[in-house]
Amino acid sequence: MDLLALADFNLVARHGGFGRAARAAGRPKATLSRRVAELEAALDLRLFERGGRTLRLTEEGRALHARTAALLAELDEAAGAIAAGGDRPRGRLRISAPLLFSQTAMGRLAASFALKFPDVRLEVTTEDRPVDMVEEGYDLVIRVNPPEGAGLVGRVFLRDRLVLVASPALPRPAPPLPVPVVVRGAAEPGSEADARAQPAHWTLSAPEGRPGPVVTGGGAVAGAGAVAGAGAATVAVQPVLRLSSLLMVRDAVRLGVGAAALPISLVSHDIAAGHLAHWGDIAASDIALWALYPSRRLLSPRVSAFLEHLRAAFPAGAPEELAGYLEG
């Protein structure tokens, strides 16, 4: 297989068109079109569906792009490192990270990494949606509790958990009155989306592992042992405010609008300072932050360097380490 033609195919696939690829690479559009056509003829496969003004990968083209894009990038990087006389990380490193982690820690992490590795052009985008690493050109993604079977490999570098907190000025309503809560999300209260987003109940354990109440989407306070064993109770929940960011939720809870389930890393300092009351830990709410990449084979020096950077920043992988970024 002609590696130069394969590289041109991946260039066009990455940019989504011959014209855009030609402008990005400073190469003639006709040359790229001819090289891709030669590759299609050599493979006896159609790699692109060509319309009047559109160009899209065929199923075979997507498979070839997914299998070869990273390998070609590693070959280029290896050649560049050898030519430079070393394997120091260099080149572009694209990372996708979730919103809350980006807001609390990613700015400082990215800046310290850039200072340590000035030859790496680091680009970080913030989004909570799943991204296609190959199609969207990411080298590394950071995700919270990613689903299995995504075709990626990686490691957990940080753990957290959810706790129920409220302003000390907010009294717990006497049963059967509901607890006002602030939630993250944009669903209209009472809608089908709201019913799916609001869990049937939250099982709580009191701080330091002592048994606590059980918070549920409806119903009165039940007696001990009703749901979660001795000391458990059920408390009705009524969303009173919906916000799109957990930082916004925390700020609203500080002002006493309602209670909320928030990561302990985000509220531990407020709890210690007495600005928020810790009503209990939410059971089965362990949070794991993963650093994910397409394959362990030929892992690039820049990805390896960032993974080591994360390990150094969070050596114990504990929520207290992430909380430290909020004070810095």
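Check the entry above for the structure.
Attention here is on the structure that accompanies the text.

Turning next to the pattern of salt bridges. The full count for this structure, using the stated rule, is 16 salt bridges. Here R27 makes a salt bridge to D8, at a shortest N to O gap of 2.9 Å. Remark: D8 occurs in helix α1 (residues 3-15) and R27 occurs in the loop between α2 (18-25) and α3 (29-43); sequence separation between them is 19 residues. Classification of R27 as partly exposed rests on a relative accessible area of 29%. Measuring nitrogen to oxygen at the nearest pair gives 3.1 Å for the salt bridge that ties E127 to R129. What makes R129 partly exposed here is its relative accessible area of 39%. Members of the salt-bridge network, linked through shared partners, are D8, R27, R34, R35 and E38.

Further remarks concern helix α9 (residues 264-273). The set of residues buried in α9 consists of I264, S265, L266, V267 and D270. Each element contacted by the buried residues of α9 is listed here: α5 (99-116), β6 (153-160), β7 (162-166), α8 (246-254), β12 (260-263) and α11 (319-327). Residue G274 follows α9 closely and has a positive phi angle near 85 degrees.

The final tally for this structure, using the stated rule, is eight aromatic pairs. Ring centres of F101 and F314 lie 6.2 Å apart, and the angle between their planes is 55 degrees; on these two criteria the pair is classed as tilted. Of this pair, F101 sits in helix α5 while F314 sits in the loop between α10 (301-313) and α11; the two residues are 213 residues apart in sequence, bridging distant segments of the chain. In this pair, the class of F101 matches that of F314, namely buried. Between the aromatic rings of F314 and Y325, the centroid separation amounts to 5.5 Å while the plane-to-plane angle is 40 degrees, which identifies the pairing as tilted. Linking F314 in the loop between α10 and α11 with Y325 in helix α11, this pair joins segments that are eleven residues apart in sequence.

Turning our eyes to something else, we now look at the sheet that holds strand β5 (residues 140-144). Backbone-to-backbone hydrogen bonds join strands into a sheet, with any given pair of strands oriented parallel or antiparallel. Read across the sheet, five strands follow the order β4-β3-β5-β14-β6 without closing on themselves; strand pairing throughout is mixed. Across the chains shown, the open sheet's two edge strands, defined by having one partner strand only, are β4 (120-126) and β6. Averaged over all neighbouring strand pairs, the angle between strand axes comes to 20 degrees, with direction disregarded. Those strands touched by α5 are β3 (91-97), β4, β5, β6 and β14 (287-293), and its axis lies near 170 degrees from that of β4.

So, about the nonpolar core. One finds F101, L109, L140, I142, F157, F306 and F314 to be the most contacted residues of the largest nonpolar core, which totals 26 residues. Elements represented by at least two residues in this core include exactly β3, α5, β5, β6, β14, α10 and α11. Contact partners of F101, with chain neighbours within four places excluded, come to M106, L109, I142, F157, L158, L289, F314 and L322. Among the nonpolar cores identified, the runner-up in size contains 17 residues, and A13, L57, L64 and L72 belong to it.

Our next topic: α2. All of the buried residues along α2 are F18, A21 and A22. Down the axis, α2 shows its buried residues gathered within 100 degrees of arc, on one side only. Residues of α2 that are exposed and angled more than 90 degrees away from the buried face: R23 and A24. Looking at the buried side of α2, the elements it contacts are α1, α3, β1 (48-50) and β2 (55-57). Just past α2, the residue G26 takes up positive phi, approximately 70 degrees.

Now for the environment of G17. Counting through the fold element by element, G17 comes out in the loop between α1 and α2. Judged by relative accessible area, which is 8%, G17 ranks as buried. Measuring from C-alpha to C-alpha, the distance between G17 and K29 comes to 9.6 Å, with twelve residues separating the pair along the chain. In this structure G17 touches V12 and L55, once residues within four positions along its chain are discounted.

This paragraph deals with the environment of F157. Looking at the element boundaries, F157 is found in strand β6. A relative accessible area of 8% places F157 in the buried class. With 132 residues separating them along the chain, F157 and L289 place their C-alpha atoms 6.1 Å apart.

Their axes nearest at 11 Å, the elements α5 and α10 cross at an angle of 125 degrees. By the angle class used here, α5 and α10 are oblique. α5 and α10 meet at a crossing whose hand is right-handed. Of α10, the residues touching α5 (which contributes M106, L109, S112 and F113) are R302, A305, F306, H309, L310 and A313.

Together, V240, L255 and V257 give the surface a local cluster of nonpolar side chains, amounting to about 290 Å² of exposed area. Looking at V240, the relative accessible area reads 41%, which means it is partly exposed.

Criteria and thresholds
- Residues numbered from 1 in each chain as written.
- Predicted model: local features only at pLDDT ≥ 70, side-chain atom pairs only at ≥ 80, totals over all residues.
- Heavy atoms only, no water.
- Salt bridge = Lys/Arg side-chain N within 4 Å of Asp/Glu carboxyl O.
- Helix = DSSP H or I, 4+ residues; strand = E, 2+ residues; numbered from the N terminus.
- Buried < 20%, exposed > 50% of the residue type's maximum accessible area, 1.4 Å probe, protein only.
- Contact = heavy atoms within 4.5 Å.
- Phe/Tyr/Trp six-rings, centres within 6.5 Å; stacked < 30°, edge-to-face > 60°.
- Pairing = 2+ DSSP bridges.
- Axes fitted to C-alpha atoms, helices over the stretch in contact; angles between N-to-C directions.
- Core = buried A, V, L, I, M, F, W, Y, C linked by side-chain atoms within 4.5 Å.
- Arc of directions from axis to C-beta.
- Parallel < 35°, antiparallel > 145°, perpendicular 65-115°, else oblique.
- Left-handed = near helix turned anticlockwise from the far one by under 90°.
- Patch = residues over 30% accessible without salt bridge, like charges linked within 9 Å, V, L, I, M, F, W, Y side chains within 5 Å.
- Areas by Shrake-Rupley, 256 points an atom, 1.4 Å probe, with all protein chains shown as cover.

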